[in-house]
Each structure stands twice: as C-alpha cells, then as structure tokens.
Amino acid sequence: MKARSKRLMLVGGGVDLLVAAVALVLSAFQQNLVFFHTPSEVAEGKAPTGKTFRVGGMVEEGSIKREADGLTVSFAITDTAKVIPVSYRGTLPDLFKEGKGAVVQGKLEADGTFRASEVLAKHDENYMPPEAAHAVEQASKAAATVSQ
C-alpha cells in the first residue's frame, strides 16, 4: 500500500470518529433538553405529550392536598389566566407554599394532570424563577387586555 493511500485511510477514519463523537454528543444533548411552558400554553395544547417539560407559575391558594401516605401531594400551578393540576410524589422543598412561585418538571398525562418528577421553589421573598415571572407577567397583560 502506498503512503498516500495510508494517509487517506487515516484521515477518513479520523473523520468517521469525529462524526460519531458529534452524533453522540448531540443525541445526549437532545435527551436532556427540557423546555419550559406556561399553564396557558399547556391548557391550549402547545406542550408536548409524552415528553418531559417544565411548567411554572404560582401555587394556587387552597390547592395543596396531601395524601395519607405523607409523600403524595396534589396542587395547582397558575399563571393567573389558566390553572394546571399537578401530582407529585416525594419530599417538597421547604420554601414550597401556596401563593408562591414554583416550577415543576414532569409529563402531562392524558387526563390533563401534570405528573411532576421534580418541584423547584423560590429561594427568598423577592425571587421567582425567570420563566415563571415572565409567564405570570404575560398572563396578567393578556387578562388586562381582555377586560378592557
């Protein structure tokens, strides 16, 4: 085999390895990509079905209900325009309360209930996750426009 043929095979093999590595990285990135949706978007059917995504807003007043097992909790997330029922099994963050900002990650079930696998709560009196703050602001603007 000539030196030129060996060099071409080596370069070709290197390109193949590079393409395979990039494909693996993009595949891993796609699997870990989680989108954020507002309760209004979920209610309008704009959220993906069967895929994990996040929903954020305020925990609706009077909506927290704990099951007898001590781990299962149901509550509702709202952006002041729409309300999404959420079911979660696990320990809630200490700062999780009614009327406060929260972001939940999970999947939407066929009955319209959001099955959360993770619950994130705000960390001080003035903080709300940016996505949730934007969602509440947009919903308030939309509600103000409709009422005029």
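Refer to the preceding data block for the structure.
Since this is a predicted model, take the numbers as computed values, not measurements.

## Observations regarding the overall build of the chain
Argument step 1. In terms of regular secondary structure, the chain is built from three helices and seven strands.
Argument step 2. Starting at the N terminus, the α and β elements of the chain follow one another as α-β-α-β-β-β-β-β-β-α.
Argument step 3. A fraction of 51% describes how many contacts in the chain between residues 6 or more apart in sequence connect residues 24 or more apart.
Argument step 4. For the chain, the accessible area works out to roughly 9,700 Å², and carbon and sulfur atoms hold 58% of it.

## Overview of the packing of aromatic side chains
Argument step 1. The full count for this structure, using the stated rule, is two aromatic pairs.
Argument step 2. Ring plane angle 70° and centroid distance 5.2 Å describe the contact between F53 and F114, whose orientation is recorded as edge-to-face. Of this pair, F53 sits in strand β2 (residues 53–59) while F114 is found in strand β7 (residues 114–121), placing the two residues 61 residues apart along the sequence. For the residue pair F53 and F114, the accessibility class agrees, reading buried in each case.
Argument step 3. Between F75 and F96, the aromatic rings sit 4.8 Å apart at their centres with planes inclined by 65°, giving edge-to-face as the arrangement. Linking F75 in strand β4 (residues 72–78) with F96 in the loop between β5 (83–89) and β6 (101–108), this pair joins segments that are 21 residues apart in sequence. By the burial criterion, F75 is buried, and F96 matches it.

## Remarks on the pattern of salt bridges
Argument step 1. For the structure shown, the criterion picks out three salt bridges.
Argument step 2. Close ionic contact of E109 with R115 constitutes a salt bridge, the shortest N to O distance being 2.8 Å.
Argument step 3. The class for E109 is partly exposed, based on a relative accessible area of 28%.
Argument step 4. Its relative accessible area of 40% is what places R115 among the partly exposed residues.

## Notes on a nonpolar patch on the surface
Argument step 1. There is a patch of nonpolar side chains on the surface, built from V11, V15 and V19 and spanning about 260 Å² of accessible area.
Argument step 2. Note on placement: V11 falls in helix α1 (residues 3–32).

## A word on the pairing of β4
Argument step 1. Counted residue by residue, β4 has six buried out of seven residues, so it is predominantly covered.
Argument step 2. As judged from the two bridges shared by β2 and β4, these two strands associate in the antiparallel manner. Bridging across to β4, M58 finds its partner in T78.
Argument step 3. As paired elements, strand β3 (residues 65–66) and β4 share two bridges and run antiparallel to each other. When the sheet's bridge partners are listed, R66 is paired in β4 with V73.
Argument step 4. As defined by bridge partners, β4 adjoins β5 across seven bridges and the pair is classed as antiparallel. Bridged to S74 within β5 is S87.
Argument step 5. Connecting the antiparallel pair β4 and β5 is a turn made up of four residues, with T80 showing a positive phi of about 75°.

## With respect to the pairing of β5
Argument step 1. As paired strands, β5 and β7 are joined by three bridges and run parallel to one another. The residue bridging S87 from the neighbouring strand is R115, located in β7.

## What about the side chain of D79?
Argument step 1. Checked against the element boundaries, D79 lands in the loop between β4 and β5.
Argument step 2. Among buried charged residues, D79 stands out as having no salt bridge; its nearest opposite-charge side chain is K82, 8.2 Å away.

Rules used throughout
Residues numbered from 1 in each chain as written. Predicted model: local features only at pLDDT ≥ 70, side-chain atom pairs only at ≥ 80, totals over all residues. Heavy atoms only, no water. Helix = DSSP H or I, 4+ residues; strand = E, 2+ residues; numbered from the N terminus. Contact = heavy atoms within 4.5 Å. Areas by Shrake-Rupley, 256 points an atom, 1.4 Å probe, with all protein chains shown as cover. Phe/Tyr/Trp six-rings, centres within 6.5 Å; stacked < 30°, edge-to-face > 60°. Buried < 20%, exposed > 50% of the residue type's maximum accessible area, 1.4 Å probe, protein only. Salt bridge = Lys/Arg side-chain N within 4 Å of Asp/Glu carboxyl O. Patch = residues over 30% accessible without salt bridge, like charges linked within 9 Å, V, L, I, M, F, W, Y side chains within 5 Å. Pairing = 2+ DSSP bridges. Lys, Arg positive; Asp, Glu negative; His and termini not counted.

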